[in-house]
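Residue-level listing of the chains:
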Amino acid sequence: MELGDSGLTIAVNAVMSLTAFFLCLNIIPKFKEMFLKANLCGIDLNKENKNKIPEALGVVCGAVFLCTMFLFMPMPFYKQLADNTPGKFPHHEYIHYLAALLSICCMVFLGFADDVLDLRWRHKLLLPTFASLPLLTVYFININATNVIMPKQLRWLLGFDLNLGPLYYLYMGMLAVFCTNAINIHSGVNGLEVGQSCVISLSVLIFNFTEMQGEHRMGHVFSIYFMMPFLAVSTALLFHNWYPSRVFVGDTYCYFSGMTFAVVGILSHFSKTMLLFFIPQVINFIYSIPQLFHFVPCPRHRLPRLNPELGKLDASYTVYKTGSLNKMGQIFVKLFSLFRLISVKEGVGENGLYTQVNNFTLNNFILRTFGPLHEQTLVIILLAIQIICSGVAFIIRYQLAKIFYDS
Ligand code: UD1
Ligand code: MG
């Protein structure tokens, strides 16, 4: 990849990111009235006052991010553009930027549609699949590297690498679906959706700057170009979304964020490391499986519940008629309660015919173990977990990986 003097372009990108940060910080409050008028709002369920909070302000961040990137895009190619020799311009490199931004743009648009139309869960799963198609097409045309390096221990059996062919495309599509939805379901506490995205993007940037001198230098530079403006607009949004939230980020932001991570992980070839920065989201997703696949009833909102007397949050619960779960549901509830992952209380409700279990999310697990907690304390604990997990991710990437790979 020949992208010109990357030191200078990174500096330009940093200045543009800073501008994007101040722009977002200033314009988000100005859009609040407009969103309320358009009925794009939600009630903060964990507050006593039931004021309407403007929702889907992630779309403002997404728009500022995209404009910043559109303006920045010619910069890495400034030498070739100045040279202007016919046939010399690296179109195959430029197309990476176009495909990445097209996928992110599609995701912002579909996320906004979700916020306006409140789509059902099965549709939510389809959206990132469609939005990742431009990216996968360009990957197929330009890169088409579908082999994965095998761990040392398996090379005697499978060889140095294994070509996954179409399965690799399935993996990349699923990565986009996972990243978007995993952020969307690790939510419900002021500042959590955007806070976790800030920690992940900061971790990715640390990784990119560490690896910049290595053999995949240009992949990491490409990632930096996307991650710096993303972190900038996200930090500005976090300022307004932090407890007590003046705006909600909406599904638009969760999709925008997840797709940006997926795009960068795929095109810069570090999707496995990217997944390492999603440890809390992976745990939350695995823990959520019984409810996501409806083995255990899944209410519309699984976010924690305000205890008005204490002004603190308690775990929220789902209730079902005792004995009404199918076989899989029963197995999950038995298994999870055996490992003390959930609190089960039988004999509740009318005539004691019902059973209640806490909703299967990391937030509720923490509240059940350490709660009740103030909402701000809970989000700080959750973000601290995210930061610790990033530390663990670096240890796995740089220490544990040596056991399985050469470097
Ligand atoms: C996901 C979760 C759902 C959770 C919801 C809100 C799953 C399967 N779905 O649904 O359990 O309740 O996100 O996080 O896990 N809200 C607050 N405080 C906040 C953030 C959101 O009260 O800090 C409420 C507001 O009423 C807001 C609404 O949640 O309007 C947004 O929910 P939405 O993003 O539409 O929910 P989902 O993403 O479908
Ligand atoms: Mg959501």
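- Regarding the protein, the relevant UniProt record gives this comment under Subunit (unreviewed entry): "Homodimer."
- UniProt, in its Catalytic activity (unreviewed entry) section for the protein, records the words "a di-trans,poly-cis-dolichyl phosphate + UDP-N-acetyl-alpha-D-glucosamine = an N-acetyl-alpha-D-glucosaminyl-diphospho-di-trans,poly-cis-dolichol + UMP".

### A word on the coordination of the magnesium ion (ligand 2)
Now for step 1: Only Asn 184 (OD1) and Asp 251 (OD) from the protein coordinate the magnesium ion (ligand 2), and they sit 2.0 to 2.1 Å from it. Of this pair, Asn 184 sits in helix α8 (residues 166-185) while Asp 251 is found in helix α11 (residues 250-267), placing the two residues 67 residues apart along the sequence.
Now for step 2: Residue class for Asn 184 comes out buried when judged on its relative accessible area of 8%.
Now for step 3: According to the relative accessible area criterion, Asp 251 is buried, its value standing at 12%.

### So, the packing of aromatic side chains
Now for step 1: Evaluated as defined, the whole model comprises 35 aromatic pairs.
Now for step 2: Taking 5.0 Å as the distance between ring centres and 75 degrees as the angle between the ring planes, the aromatic pair formed by Phe 21 and Phe 22 counts as edge-to-face.
Now for step 3: Looking at Phe 22, the relative accessible area reads 45%, which means it is partly exposed.
Now for step 4: Plain terms: the ring middles of Phe 178 and Phe 285 are 5.8 Å apart, the flat faces sit at 90 degrees to each other, and that makes the pair edge-to-face.

### Examining helix α6 (residues 133-143)
Now for step 1: For α6, the set of buried residues is Pro 134, Leu 135, Leu 136, Val 138 and Tyr 139.
Now for step 2: Where α6 is buried, its residues touch α4 (91-117), α5 (121-131), α8 and α11.

### Things to note about the UniProt feature "transmembrane region" (unreviewed entry) in the protein
Now for step 1: The feature "transmembrane region" (unreviewed entry), as annotated in UniProt, sits at residues 6-28, 56-74, 94-113, 125-146, 166-185, 222-240, 252-270 and 378-400 in this numbering.
Now for step 2: Across residues 6-28, helical content stands at 100% and strand content at 0%; the span's end C-alpha atoms are separated by 31 Å.
Now for step 3: Helix makes up 100% of residues 166-185 and strand 0%. Its end C-alpha atoms lie 28 Å apart.

### Some words on the nonpolar core
Now for step 1: Formed by 82 residues in total, the largest nonpolar core has its most connected members in Phe 65, Ile 104, Phe 226, Leu 237 and Phe 256.
Now for step 2: Here the element with the most residues in this core is helix α10 (residues 217-241); it accounts for 14 residues.
Now for step 3: Ile 104 has contacts with Phe 65, Leu 66, Phe 226, Phe 256, Met 259, Thr 260 and Val 263, leaving out every residue within four places of it along the chain.

### Description of the site of ligand 1
Now for step 1: Around ligand 1, the structure places 20 residues, and the nearest of them are Ile 43, Glu 55, Ser 187, His 301 and Arg 302.
Now for step 2: Here an oxygen atom of ligand 1 sits 3.0 Å away from a polar atom, N or O, in the main chain of Gly 188.
Now for step 3: Contact distances for ligand 1 include 3.1 Å between an oxygen atom and a side-chain N or O atom of Arg 300.
Now for step 4: For ligand 1, whose accessible area on its own is 720 Å², the fraction buried by protein is 94%.
Now for step 5: When residues of the shell around ligand 1 are traced back to their parent elements, those giving at least two are β1 (41-43), α5 and α8.
Now for step 6: Taken together, the residues of the shell around ligand 1 sort by class into eight nonpolar, six polar and six charged.

### With respect to the side chain of Asn 307
Now for step 1: One can find Asn 307 in strand β5 (residues 305-307).
Now for step 2: Asn 307 has contacts with Lys 312 and Asp 314, leaving out every residue within four places of it along the chain.

### Concerning the confidence of the model for the protein
Now for step 1: Mean pLDDT for the protein: 92, with 99% of residues reaching 70 or above.
Now for step 2: Listed scores for the predicted complex are pTM 0.95 and ipTM 0.98.

### With respect to the environment of Leu 133
Now for step 1: Structurally, Leu 133 can be placed in helix α6.
Now for step 2: The class for Leu 133 is partly exposed, based on a relative accessible area of 43%.
Now for step 3: Sequence separation between Leu 133 and Leu 110 is 23 residues; the distance between their C-alpha atoms is 13 Å.

### With respect to a nonpolar patch on the surface
Now for step 1: A surface patch of nonpolar side chains, about 510 Å² in accessible area, is lined by Leu 154, Trp 156, Leu 157, Leu 158 and Leu 162.
Now for step 2: Structurally, Trp 156 is set in helix α7 (residues 155-158).
Now for step 3: Residue class for Trp 156 comes out exposed when judged on its relative accessible area of 69%.

### Side note on the sheet that holds strand β8 (residues 344-348)
Now for step 1: Taken in spatial order, the three strands make up an open sheet running β7-β9-β8, and their pairing is antiparallel. With one partner strand each, in any of the chains shown, β7 (317-321) and β8 form the two edges of the open sheet. Strand-to-strand twist in this sheet, taken as the mean axis angle between neighbours without regard to direction, amounts to 25 degrees.
Now for step 2: The pairing of β8 with strand β9 (residues 354-358) spans four bridges and is classified as antiparallel. Residue Lys 345 lies in a different strand from β9, and its bridge partner there is Gln 356.

### Side note on the environment of Met 174
Now for step 1: Here Met 174 shows up in helix α8.
Now for step 2: The sequence separation of Met 174 and Ala 262 amounts to 88 residues, and the corresponding C-alpha distance is 9.5 Å.

### A few points about the pattern of salt bridges
Now for step 1: A full pass over the atoms with the stated rule returns five salt bridges.
Now for step 2: With a shortest N-O distance of 3.3 Å, Lys 124 and Asp 114 are connected by a salt bridge. Here Asp 114 lies in helix α4 and Lys 124 lies in helix α5, a separation of 10 residues in the sequence.
Now for step 3: The class for Lys 124 is buried, based on a relative accessible area of 4%.
Now for step 4: Take Asp 114: its relative accessible area is 1%, and that puts it in the buried class.
Now for step 5: Among the ionic pairs, Asp 251 bridges to Lys 124, the shortest N-O distance being 2.9 Å.

What counts as what
Residues numbered from 1 in each chain as written. Chains lettered and ligands numbered in written order. Predicted model: local features only at pLDDT ≥ 70, side-chain atom pairs only at ≥ 80, totals over all residues. Heavy atoms only, no water. UniProt positions renumbered as here; feature names shortened; annotations may be inferred. Donors = N, O, S within 2.8 Å, 3.2 Å for Na, K, Ca; no water. Helix = DSSP H or I, 4+ residues; strand = E, 2+ residues; numbered from the N terminus. Buried < 20%, exposed > 50% of the residue type's maximum accessible area, 1.4 Å probe, protein only. Phe/Tyr/Trp six-rings, centres within 6.5 Å; stacked < 30°, edge-to-face > 60°. Contact = heavy atoms within 4.5 Å. Core = buried A, V, L, I, M, F, W, Y, C linked by side-chain atoms within 4.5 Å. Near = heavy atom within 4 Å. Polar contact = N/O pair within 3.5 Å; in protein donor to acceptor, adjacent residues only side chain to side chain. Areas by Shrake-Rupley, 256 points an atom, 1.4 Å probe, with all protein chains shown as cover. Nonpolar A, V, L, I, M, F, W, Y, C, P; charged D, E, K, R; others polar. pLDDT = per-residue confidence, 0-100. Patch = residues over 30% accessible without salt bridge, like charges linked within 9 Å, V, L, I, M, F, W, Y side chains within 5 Å. Salt bridge = Lys/Arg side-chain N within 4 Å of Asp/Glu carboxyl O. Pairing = 2+ DSSP bridges. Axes fitted to C-alpha atoms, helices over the stretch in contact; angles between N-to-C directions.

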